[in-house]
Amino acid sequence: MAATKLFTPLTIANGKIELQHRVIMAPMTRNRGVPLSEGTEESPNRIWLADDLVALYYGQRASPGGLLITEGIPPSIEASGMPNVPGLFDDSQVPGWKKVVEAVHAKGGFIYAQIWHAGRATVPQFTGLPPVSSSATPWDTDEKFPFRTPFKKEKVAYRDHPPIAMTPEHIAKTIDDFVRAAKLALEIGFDGVEINGGNGNLVDQFLHSNINTRTDEYGGTPEKRTKFLLDLLAAVTEAVGPENVAVRMEPTGLYQHTRGADRVETWSHLAERIRDTYSGDKKLSYVHFIEPRFDRIDSEAEKEGFYKSWSLPKVSNAPFRTILKDTPCISAGGWGADNASEAVESGDWDALVFAKWFTSNPDLAERLRNGWALAEYDRSRFYGSWDGVRENGFTVFPAYEPPELEEVTSPTKRKREEADEGANGKEKK
């Protein structure tokens, strides 16, 4: 695959960064952060840090001119959706992330910090605060938070802790949290930041009409539902420069009950506004799309609802990528050795983003380049290590080592060696 466009340079960050290949590591929650304190049942730890092991993990996956995107980094305690996820809102979290950046830069790589707010996909047992969202829309199933609560070790249903609707003042404070985290990320040495606007998280919750039932300036129409993300982008780009900012979007998303209507209209408007606002020398670094995931459709009713929300014959991110014109666009989801080359060669995408294959193949770009076999991933340890050993399923995967080749001796060489041995034997006599 070495001769394909996948292994040619790509310019992002409006010309500031030239990637040497187009194999990008996806933002992946790995739950390997360490607690700031042990905490107590009355006052549990709510601050998680990156450390040497986390730095090793990212450093292993760095490559000369390659881009890594961090796991989602919460910009506040309220934003934090899971335990063991290092944030960027407390001074204690800075040294660990500096180690991560240094490890990646030491290998000649680039790294973006993804900033992430989980919104209503949190529970107060972990944040100490009520969940928040675009509207006070509770979960409509008995789905449980994926981690047991600290100390009591209980499984908690999301619907038992419905979110509160964010006021305009709360929205403004949240935007300030993102800005503060973005500025701190650039000060630490990250090469840029990515705003997570997909995956059913807070920004996505504003974009979907089944969750966002507001009637003010942040809801009621496709255009108004995009206001939060557009305001957020405006504030962060103003603070750190548009060339240092990217955004992740998921027009076809269903994760965390994102079942909104008017999908094509909503994301077309977003793409048009991004294209028109961030053009010329003010382009965003890139726009990151997530490919459709139909395995997340749980029932015929949900399938029918999705297709009602999609007003085009084909379900694809292609229409939005076309709207964005020359803004670099990258794609995550479903890519592997069998289809990656074609997706870039065709011009459909400028680069591809890999998740699960990067967990078990720290040298993924080189394996794809050389056609080397991919090591199988360990899904059971994607989100923390159930045996308590953080390294397992995290930093234990080696880089590829070609099998040793047996030396093949030619007949001519063999005869020469036999003659030498005979001559040596005569001399000894």
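Residues numbered from 1 in each chain as written. Predicted model: local features only at pLDDT ≥ 70, side-chain atom pairs only at ≥ 80, totals over all residues. Heavy atoms only, no water.

Ranked by size, the top nonpolar core spans 102 residues in total, and within it Tyr 58, Ile 195 and Val 236 carry the most contacts. Top contributing element to this core by residue count: helix H4 (residues 168-188), with 8 residues. Residues in contact with Val 236, not counting those within four places in the same chain, are Phe 178, Val 179, Ala 182, Val 193, Ile 195, Gly 241 and Val 245. Among the nonpolar cores identified, the runner-up in size contains 12 residues, and Val 85, Ala 118, Phe 126 and Val 156 belong to it. (Core = buried A, V, L, I, M, F, W, Y, C linked by side-chain atoms within 4.5 Å. Buried < 20%, exposed > 50% of the residue type's maximum accessible area, 1.4 Å probe, protein only. Helix = DSSP H or I, 4+ residues; strand = E, 2+ residues; numbered from the N terminus. Contact = heavy atoms within 4.5 Å.)

Another point: helix H9 (residues 300-309). Helical periodicity: at 3.6 residues per turn, an α-helix aligns residues three or four positions apart in one direction. Listed as buried for H9 are Glu 302, Phe 306 and Ser 309. Taken around the axis of H9, the buried residues stretch over an arc of 65°, which confines them to a single face. Among the exposed residues of H9, those oriented more than 90 degrees off its buried face are Glu 300, Ala 301 and Lys 308. (Arc of directions from axis to C-beta.)

The axes of two packed helices give the description: the angle between them and the distance between them. It is at 9 Å that the axes of H4 and helix H7 (residues 227-240) come closest, and there the two elements cross at 35°. In this structure, H4 meets H7 at a crossing whose hand is right-handed. Together, Ile 171, Thr 174, Ile 175, Phe 178, Val 179, Ala 182, Lys 183 and Leu 186 of H4 and Phe 228, Asp 231, Leu 232, Ala 235, Val 236, Ala 239 and Val 240 of H7 make up the contact between the two elements. (Axes fitted to C-alpha atoms, helices over the stretch in contact; angles between N-to-C directions. Left-handed = near helix turned anticlockwise from the far one by under 90°.)

The next thing to look at is the side chain of Gln 93. Considering the arrangement of structural elements, one finds Gln 93 in the loop between strand S6 (67-73) and helix H2 (94-106). According to the relative accessible area criterion, Gln 93 is buried, its value standing at 1%. In this structure the side chain of Gln 93 is engaged in a polar contact, spanning 3.2 Å, whose partner is the backbone oxygen of Trp 48. Within polar-contact distance, the side chain of Gln 93 engages the backbone nitrogen of Phe 89 at 2.8 Å. (Polar contact = N/O pair within 3.5 Å; in protein donor to acceptor, adjacent residues only side chain to side chain.)

Bringing the pattern of salt bridges into the picture now. In the structure shown here, the tally under the stated rule is 18 salt bridges. The partner of Asp 216 in a salt bridge is Arg 214, with the nearest N and O atoms 2.8 Å apart. Between Glu 366 and Arg 369 there is a salt bridge, with the nearest N and O atoms lying 2.9 Å from each other. With Glu 366 and Arg 369 both in helix H13 (residues 364-370), this residue pair falls 3 residues apart, about one helical turn. When salt bridges with common partners are traced through the structure, they connect Lys 173, Asp 177 and Arg 180 into a single cluster. (Salt bridge = Lys/Arg side-chain N within 4 Å of Asp/Glu carboxyl O.)

Summed over the entire model, instances satisfying the criterion amount to 19 aromatic pairs. Three or more aromatic residues link up through ring pairs in this structure, and these residues are Tyr 57, Tyr 58, Trp 97, Phe 190 and Phe 394. Over the aromatic face of Trp 139 sits the side chain of Arg 120, whose NZ or CZ is 4.8 Å from the ring centroid. (Phe/Tyr/Trp six-rings, centres within 6.5 Å; stacked < 30°, edge-to-face > 60°. Lys NZ or Arg CZ within 6 Å of the ring centre and 35° of its normal.)

The subject of this paragraph is the pairing of strand S14 (residues 351-354). Side chains Ala 351 and Val 353 project from S14 onto one buried face, and the interleaved Leu 352 and Phe 354 project onto a second face that is buried too. Inspection of the sheet shows strand S3 (residues 23-25) paired to S14 by 3 bridges, in the parallel sense. Residue Val 23 lies in a different strand from S14, and its bridge partner there is Leu 352. Where strand S13 (residues 329-332) and S14 come together, 3 bridges link them in parallel fashion. Each bridged residue has a counterpart across the sheet, and for Ala 332 the counterpart in S14 is Val 353. A crossover connection joins S13 to the parallel S14 through helix H11 (residues 340-345); in handedness this β-α-β unit is right-handed. (Pairing = 2+ DSSP bridges. Right-handed = clockwise from strand over helix to strand, strands pointing away.)

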